[in-house]
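Summary of the model geometry
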Amino acid sequence: MDRSSLLQLIQEQLDPDNTGFIGADTFAGLVHRHELPLDPAKLDMLVALAQSNERGQVCYQELVDLISSKRSSSFKRAIANGQRALPQDGLLDEPGLGVYKRFVRYVAYEILPREVDRHWYFYRHRSCPPPVFMASVTLAQIIVFLCYGARLNKWVLQTYHPEYMKSPLVYHPGHRARAWRFLTYMFMHVGLEQLGFNALLQLMIGVPLEMVHGLLRISLLYLAGVLAGSLTVSITDMRAPVVGGSGGVYALCSAHLANVVMNWAGMRCPYKLLRMVLALVCMSSEVGRAVWLRFSPPLPASGPQPSFMAHLAGAVVGVSMGLTILRSYEERLQDQCGWWVVLLAYGTFLLFAIFWNIFAYDLLGAHIPPPP
């Protein structure tokens, strides 16, 4: 029975008077009596919705959204009220899982703070489409690095090679009119150490986030961090170029770490305190290395070295926009007031940065190095 037939049967048998409400117990009996194809997790969600209603009923539209794998604000309220009768056994107790399903269970416990969300994700997850965005970005960054490494015969501190800054991908303040450089700089890296750090975090944190929250949301967050990074550098460190995907990486990591902290009691990932400390130490060390290379270059250079401000801008995007995305799992962002506030703030920043790049350099008489 397809989805439309199922919904028609429900409305005919459970809501013949078109009241707009359906009894949860009656619906559950209909599912078992007709052996309808509905995920066990969705029945649990139905109970949660019904328990949030005094008469144990569910709005027909909410039921349609549930069967269509959409999450409404009323479901969020049902969780917050704590009036649901959900199974108490966790996914850790699921026996006989294959390798991939065990990985899905691992991702659920790494990313999601509530057991009801973990059940929802575990039962409705499909392997297709795979998390292609973070994997594709990482692969492209590795290929670009290998090409430039072979061409320059230099694998560490590539930015000190005079030919490196001539790449059409690097953001350079003298090439601000070439707008694509505000994004494409993410494919270039200072050296093997920066590429390795970014690639590791993109795969360890970015891929699980993309599996749970989807390609569209995570790609939006990553690219917003990248764009904010280059624009912030153009405002705060006007003479410096930018390379590396650290803006996007720090947006993902900061969003995830902030989500873990705000849902500390509900997160079930092992050794979370130790891992939190290690992540903060590694991220701080990477920022410290970038600051050192910017102001105390270890080798003679023909111009300013890449700025570290992209790291900080990415972290700000992660804590603001990223946290809003991660806290809205399977809910429509357009229904969240906080999402519109974040979008307005980000849009205001973009407009300011655009006008700054058009007018401020000439008005302030900024002495930028000649473009390579």
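The chain is annotated in an unreviewed UniProt entry as Rhomboid-related protein 1 from Lipotes vexillifer. UniProt's Function (unreviewed entry) comment on the chain is quoted here verbatim: "May be involved in regulated intramembrane proteolysis and the subsequent release of functional polypeptides from their membrane anchors."

As a further point, take the nonpolar core. Within the largest apolar cluster, 64 residues are counted, with the highest numbers of intra-cluster contacts made by Y121, Y222, V317 and M321. Beyond its immediate chain neighbours, meaning those up to four positions away, M321 contacts L221, A224, W339, V342, L343 and Y346. Y148, L152, V190 and V243 belong to the second-largest nonpolar core, a separate cluster that totals 12 residues.

We now examine the packing of helix α11 (residues 215-236) against helix α12 (residues 246-262). The geometry of α11 relative to α12 is characterised by a closest axis approach of 6 Å and an angle of 125 degrees between their N-to-C directions. Considering their axes alone, α11 and α12 lie oblique with respect to each other. Note on packing geometry: the crossing formed by α11 with α12 is right-handed. On α12, the residues touching I218, L221, Y222, G225 and V226 of α11 are G247, G248, V249, A251, L252 and A255. Grouping the amino acids of the contact of α11 with α12 by side-chain chemistry returns eight nonpolar, three polar and no charged.

We now examine the packing of aromatic side chains. Considering all chains together, one arrives at nine aromatic pairs under this definition. Consider the rings of F103 and Y106, whose centres lie 6.2 Å apart with planes at 25 degrees: the pair is stacked. Here the residue F103 and the residue Y106 both occupy positions in helix α6 (residues 99-111), the gap between them amounting to three residues, near one helical turn. The ring of Y361 carries R176 above its face, with NZ or CZ at 3.7 Å from the centroid. A cation over a ring is seen here: R294 above F295, with NZ or CZ 5.3 Å from the ring centre.

Right, let's get into the UniProt feature "transmembrane region" (unreviewed entry) in the chain. According to UniProt, the "transmembrane region" (unreviewed entry) feature falls on residues 132-151, 182-203, 215-235, 247-266, 273-295, 307-326 and 338-359. Along residues 273-295 one finds 100% helix and 0% strand; the C-alpha atoms at either end are 33 Å apart. For residues 338-359, the helix share is 100%, the strand share is 0%, and the end-to-end C-alpha distance is 32 Å.

Once that is clear, we can look at the environment of M211. Within the fold, M211 resides in helix α10 (residues 192-213). Looking at M211, the relative accessible area reads 12%, which means it is buried. Taking the C-alpha atoms as reference points, M211 and P130, separated by 81 residues in sequence, lie 7.3 Å from one another. Once residues within four sequence positions are removed from consideration, M211 is found in contact with Y100, F103, V104, V107, Y121, H125 and P131.

Thresholds, definitions, all that
Residues numbered from 1 in each chain as written. Predicted model: local features only at pLDDT ≥ 70, side-chain atom pairs only at ≥ 80, totals over all residues. Heavy atoms only, no water. UniProt positions renumbered as here; feature names shortened; annotations may be inferred. Core = buried A, V, L, I, M, F, W, Y, C linked by side-chain atoms within 4.5 Å. Buried < 20%, exposed > 50% of the residue type's maximum accessible area, 1.4 Å probe, protein only. Contact = heavy atoms within 4.5 Å. Axes fitted to C-alpha atoms, helices over the stretch in contact; angles between N-to-C directions. Helix = DSSP H or I, 4+ residues; strand = E, 2+ residues; numbered from the N terminus. Parallel < 35°, antiparallel > 145°, perpendicular 65-115°, else oblique. Left-handed = near helix turned anticlockwise from the far one by under 90°. Nonpolar A, V, L, I, M, F, W, Y, C, P; charged D, E, K, R; others polar. Phe/Tyr/Trp six-rings, centres within 6.5 Å; stacked < 30°, edge-to-face > 60°. Lys NZ or Arg CZ within 6 Å of the ring centre and 35° of its normal.

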